[in-house]
Structures are given as structure tokens and as C-alpha cells.
Amino acid sequence: MLKQELARCLQQAVLEAQQRGALATAALPDVIIEHPQNAEHGDFASGFPLKLARSVRMSPMAIAEKVLEYIVPPPQIDKLWVAPPGFINFTLREDWLSMEVESMLAAGESYGDIELGKGRRVQLEFVSVNPTGPLHVGHGRGAVLGSTLANVLTVSGYAVEKEFYINDMGNQIDNFGRSLYARYRQCLDKEATMPPDGYYGNYVVDLAKEMVQEHGDRFLLLPESEAASQLVEVGITRMLQRIKQDLEVLNVVFDIWFSERSLYQGGQYDKAMELLQSGAYVAKKENATWFASSSLGEDKDNVLVRSDGSPTYFASDVAYHYNKFLERKFDWVIDIWGADHQGHVPRMKAVLKALGCDPEQLQVILCQLVTLRRGEEIVKVSKRSGDIITLREVIDEVGSDACRFLFLSRSADSQMDFDLELAKRQSADNPVYYVQYAHARIASILRFAEQQGMDCSQGDVALLTTEPELTLIRRLILLPEVIEQVAVNLEPHHLPYYAQDLATVFHSFYKQCRVVSKDEALTKARLKLVKATQIALAKVLRLMGMTAPEKM
RNA sequence: GCCCCUGUAGCUCAGAGGAUAGAGCGCUGGCCUCCGGAGCCAGGUGCAAGGGUUCGAGUCCCUUCAGGGGCACCA
């Protein structure tokens, strides 16, 4: 990328200057190239002379002037100059900018792809809810975040696998089974009491009714625990189907659905525990088995196996991450969790150390919680209370594209109010549609041009020289940088902002520059620019998992 | 009590230690004989408070205040 090239070129110039004795030798700070906010300061700028001033005992301006003499700028650069208090600024050649339109057209759908991952295998695990109820709006946020990151990492050259971890065993499953059994009995007019911490949502009642319809009263003949465990099997299957469907409506699709139970059936759990034991990270205390994480710098130890012999969720997660790293050998694993799992992160990092892995290979994105509200009223989303609003209802009300855009527009570490009223009210006049409208408008221009018999294949992009045209191109060439930024920092929220910005610049260009006109040569050139814009807009929309409509 | 996240415009939020802090919504006023007016142009108020580091802090560090989350033999 040009940015990196400029950084290298500056470093080279400093070295050169130092070798010739024009500058005192000193450790060079990281040369950071940035885009100045003010267009008068050029397309790129670096303030490194300001950082170097102290160590080489010269004024920043003098350093900048000296270094400037040794810079051999890449051919894309038009001008470079020194600006107080010690910046070096660069502008791009305008003929190079317009030629970039051709490379975008040539790249087509692959425009913006970068070679960052070099084929490294990365696993993204997200959503991973208990299959004991429908998804709510908070899960939607993680789902959108995860699927968008997966898209971006894929075009950044990683081999990505998206995985949903199914917690299909443990206390919550037992609880779900008992709740289902109680509802089942109640449906058959038998006396039953719900577990006090049971699942009180109406969907459990509906599920029980289905069970009665399909199986009659045959579960009444079984002992309670047996009946509950049979019922819960069906319950899990149904819930997973529903979860899967809801996610598909949100355009979230997984490669692998990984069952927690399989860790025990496949021997992964035993192997992981042996490994911990062999490293002496396991201790028996008060009849339970503990992970001695305090020996790894944690504040306290954690229970792996309860005194009743059942493994904790944490033990499963140890086995699961053993599987991810040592069996499946992912180079990089990204887990997306809700902020309420925050305390789990250091534990898991300690587990990686104990398993002999580099904790850096595991990256956990903590997604702050979502509060759903309707105007002033806060809507409950707890699965166990009765009155829940499901993710599906929100999607049906607001639309999948708008949901995705809204979820993506906030960084993962800021908590979020999702206001149904606002989301719907804005739906007509909303950044989501603003961006899509730009895409549809382009499609319309291209249709119109086609009707006029215009073929732009011979267009000469060198004719693109006016300010609105060049401004548009300057935005278009930012796409690879945005993708890189999202991939490196795992921050997909830059995508909607870029998309909106690009749409704004396009709309402004459209207002100022008539595309299809009597000037045939200019028309063909501008059609190329418009097509390139469509490519970039479609790309960002696709990365965000949204549709890029031809008409609205 | 300890730990994590957050505090930027009336509201919802962006902001790679850099030059004059931005967008959307809302509000006010302009703009279609013409490729889509779901659009364009113009208008203004703000970094929670206080210290520190730095040539330079919304950004890094400390303290205080405020909101959210965590600190289970739950997941």
C-alpha cells in the first residue's frame, strides 16, 4: 500500500541523511503516515521530524528540510513540502488518481482485497448461546459483529472458519429440560411445578404443546428425569433450528456447529485434563478439582470438576480451546463474548499458557451489552422471564439491513441502546438507506446510459480532472485502508462510517457533474468513475452483510 | 471493596499522540425544464471535572464524579 511505501521512503531518506552527516545519528521513531484532516495539507503527512527533534538536537523544521533533500518519492506523488511546525506533506498526482479508476474496474469485486493474512487459519467463534431459547437483540449484535469480521478477514487473506459453539449440556440444559417437562405435564392437565429458576417464556409452553401433539402422553410413563432428558433433546433440536433460521434472516451463516458434548464423547476433555495435570496445574480441594490459575498470575483458582463429579462450563471451555489450538491447530482464534463474560478472559488466557500455547493466539472481543427500548420504556430481553422480545421480532420490525447497519455503527466496547421506535422512525430517512440509495442511483444511471446506447469501455479516465471527480476518487482509494484497519484492529464499525462518507461524496459529485451528457468522451469517462463507485459501495455493503439494491 | 468498558453537539455516535474536533437525526433557510429530490447547498453549539507526561492530549497516566458490566462448585 502506498502509505507503507511512503513510510519506507521517509525512513530511507533519514538514513541517507544520517549517513551523509546531514543529521545526527539517533534511533528513528516509528514513521507514521496519516491523512491530514485539512485538504490543504495534502493527501498524506508525517510529523516524525517533531518526534526526532530532541534526539538529534535540531529544530523540527530544519530536520524536515534536511530530510526532504534525500527523499526519493514514489511515482504516485506529485508534490511534497515542509510545513510548520515540522510536518512533511505529500499530494498525489492527479493523473495517477484518475488512472486508479481503471485498476478498480479491472479488480471488480476483488477491489479492496488485501494480502494481510497470507492464508493463515483463523477461527471466529460467536453467538454460541445456550440452545434453551430464542435469540434476543444482544445476540444479534455479536452475530453481526462476528459475521462482518469474518467477511473482512476473508478478503484480507485469512482462511476463516465461523463457528457456533452449542452448549448442549450442563445446568442450563437440565433446567430447560425440567421446565419443558413441567410445561408438558401442565398441557396434559397434570400437576407440575416449574423450577424456581426455570424458563418461563411462552415459547416453552408452545414447545410443550408441540410435544403433546406429536407424542401424546407417552412421556408421562417415564420417570421424571428420563422424560426430561428425552424432551430436552427435542427441545434443543427445535431451538437450534430456530436459532439457525433467525440468524439466516440476519444473513449470518456458520461453517461449523460445534457441540459441547462432543468434547466428552470424543475424548478431547480427557486429553485436555491430562495435559493440565501433567503440567501440575490441577489441584484437589474440598472434594472438587481446581485449575491452579493463581500459579499463572491469576487472583484465584477456578473449579473444573465439582464435588459431585460434574464438569463446569469452564472445564468444557478448557477442552474446547484445547481442541481449537492443539487438535485443529488454528493459527489464530477470535472469540466474541458478551461483556458479562469479561471475567472469563484472563482465565482462558491462563489456560492457554497451561496448554503450552501463546495467549496472544486467542483474542477475545467483548461486546458490551445492548439495552432494548421502545422510546422511554426499557424492554426486557431475559430468556427466563416471560415477556421477551426476540431478535426475530426486532428484525421483522426494523429489517435485516437496517439492523446490521445499526449494530455495526457502534464500536463493540461501547454499550448500546437499541431504540425500536428510533430505528423504525428513521427507516425512511436513515444512513442505511442513504448508502443503499447511492448504489441504486448508480444502477439507475448505468441503466439510463445503456438505454442511450452508451458504451463506456473506450472511456478515457484521464478526462476526470475536476474537483468533484478527484474527491470521489480520493475516497474510493481509501477502501483497502479501511479494510486493513478493520482487519488489524478487529473494529468493523469503520465500515458503515466509510460507506456513508463515500455515499455523501458520490451524491455531491452527482449533483455537480452531469454523467450522461452530450459530451460523449466525458460521458464515457464519468461512466467509468460511476462504475468504480458502484464496485466500492457494493463491496462495503457486502462486507457488512447487507444488500446492494439496483432499485429501491 | 477489587476488576473491565463507557462519558465528545439537543439526541445517537465516529475520531492511527498531530495542523482549524466530525457525521447522522432534529431545527432554520435555499435548490429539480435535466441521468432517481430516499438527493444537494448553507446555518452552531461540544471533548464529565481536576492534575500530570509531551514540542503537541478528545486520544496516554493518576484522582474524582457519573452510567453499564463482572468478581459462583451459573453459563
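The paragraphs below set out a description of the structure included in this document. (Residues numbered from 1 in each chain as written. Chains lettered and ligands numbered in written order. Predicted model: local features only at pLDDT ≥ 70, side-chain atom pairs only at ≥ 80, totals over all residues. Heavy atoms only, no water.)

## Details of the protein's contact with RNA strand B
Working step 1: Taken together, 66 residues are adjacent to RNA strand B, and Arg306, Arg410, Asp413, Arg441 and Tyr497 come closest.
Working step 2: Atoms of RNA strand B within 4 Å of the protein: sugar and phosphate make up 63%, bases the balance.
Working step 3: Contacts to RNA strand B include Glu286, whose backbone N or O atom sits 2.8 Å from a base nitrogen.
Working step 4: Measuring from a phosphate oxygen of RNA strand B, one finds a side-chain N or O atom of Tyr434 at 2.4 Å.
Working step 5: Looking at the surface near RNA strand B, the elements that each hand over two or more residues are α2 (48–56), β3 (87–92), α6 (171–187), β14 (416–419), α16 (431–451) and α19 (494–512).
Working step 6: For the surface near RNA strand B, the element with the highest residue contribution is α16, accounting for 8 residues.
Working step 7: Taken together, the residues of the surface near RNA strand B break down into 23 nonpolar, 25 polar and 18 charged. (Near = heavy atom within 4 Å. Polar contact = N/O pair within 3.5 Å; in protein donor to acceptor, adjacent residues only side chain to side chain. Helix = DSSP H or I, 4+ residues; strand = E, 2+ residues; numbered from the N terminus. Nonpolar A, V, L, I, M, F, W, Y, C, P; charged D, E, K, R; others polar.)

## Looking at helix α18 (residues 479–489)
Working step 1: For α18, the buried fraction is high: 8 of the 11 residues fall into the buried class.
Working step 2: Taken as a whole, α18 has its buried residues at Leu479, Pro480, Glu481, Val482, Ile483, Glu484, Val486 and Ala487.
Working step 3: Backbone geometry just after α18 places Leu490 at a positive phi near 55°. (Buried < 20%, exposed > 50% of the residue type's maximum accessible area, 1.4 Å probe, protein only.)

## Considerations on the sheet that holds strand β8 (residues 288–291)
Working step 1: In spatial order, the strands read β7-β8-β9; together these 3 strands make up an open sheet with antiparallel pairing. Since the sheet does not close on itself, it has two edges, and those belong to β7 (282–285) and β9 (302–305), each with one partner. Taken pair by pair, the neighbouring strands of this sheet meet at an average axis angle of 45°, ignoring direction.
Working step 2: Examined bridge by bridge, β7 and β8 share 4 bridges and lie antiparallel to one another. Within β8, the position partnered with Lys285 by the bridge is Ala288.
Working step 3: Packed on one face of the sheet, helix α10 (residues 268–278) meets β7, β8 and β9 and runs near 130° to β9.
Working step 4: Of the strands in this sheet, β8 and β9 touch helix α11 (residues 313–327), which is tilted by about 80° from β9. (Pairing = 2+ DSSP bridges. Axes fitted to C-alpha atoms, helices over the stretch in contact; angles between N-to-C directions. Contact = heavy atoms within 4.5 Å.)

## Brief notes about the layout of surface pockets
Working step 1: Taken as a whole, the largest pocket holds about 1300 Å³ of empty space.
Working step 2: Lining the largest pocket are 48 residues, with Ser128, Val129, Asn130, Asp340 and His341 sitting closest to its centre.
Working step 3: The set of elements that each furnish at least two residues to the lining of the largest pocket consists of α5 (137–155), α6, β9, α11, β10 (332–338) and α12 (344–354).
Working step 4: When residues in the lining of the largest pocket are grouped by element, the largest group, 5 residues, is from α11.
Working step 5: Considered as a void within the structure, the second largest pocket measures approximately 860 Å³ in volume.
Working step 6: His35, Leu92, Arg474, Ile477 and Leu478 are, among the 32 residues lining the second largest pocket, the residues nearest its centre.
Working step 7: Classifying every residue of the lining of the second largest pocket by side-chain character gives 14 nonpolar, 9 polar and 9 charged.
Working step 8: Residue contributions to the lining of the second largest pocket reach at least three from each of two domains, namely domain 1 (2–92) and domain 3 (430–543). (1 Å grid on protein atoms, 1.4 Å probe; cavity = no way out; pocket = protein on both sides within 12 Å on 5 of 7 lines; lining within 4 Å. Points joined across faces, edges and corners; volume = space filled by probe spheres on them. Domains from an automatic or database assignment.)

## Here we look at the pattern of salt bridges
Working step 1: If you walk through the whole model with that rule in mind, you get 21 salt bridges.
Working step 2: Lys539 serves as the salt-bridge partner of Asp113, at 2.5 Å between the closest nitrogen and oxygen. Placement of the pair is Asp113 in the loop between α4 (94–107) and β4 (121–125) and Lys539 in helix α20 (residues 520–543), with a sequence separation of 426 residues.
Working step 3: Lys539 gets classed as buried once you look at its relative accessible area, which sits at 3%.
Working step 4: Where Lys324 meets Asp335, a salt bridge forms, and the shortest distance between an N and an O atom there is 2.9 Å. Here Asp335 lies in strand β10 and Lys324 lies in helix α11, a separation of 11 residues in the sequence. The same class applies to Lys324 and to Asp335, which are both buried.
Working step 5: Because the salt bridges share partners, they merge into one network encompassing Glu125, Lys324 and Asp335. (Salt bridge = Lys/Arg side-chain N within 4 Å of Asp/Glu carboxyl O.)

## So, the sheet that holds strand β1 (residues 44–46)
Working step 1: One open sheet accounts for 3 strands, arranged β1-β3-β2; its pairing is antiparallel. Here the strands that pair on one side only, and so sit at the sheet edges, are β1 and β2 (77–83). Across the sheet, the axes of successive neighbouring strands diverge by a mean angle of 20°, strand direction being ignored.
Working step 2: By the bridge criterion, 6 bridges tie β2 to β3 in an arrangement that is antiparallel. Along β3, the bridge assignment pairs Ile77 with Leu92.
Working step 3: Strand contacts of helix α3 (residues 60–70): β2 and β3, with the helix running at about 155° to β2, the strand carrying the most contacts.

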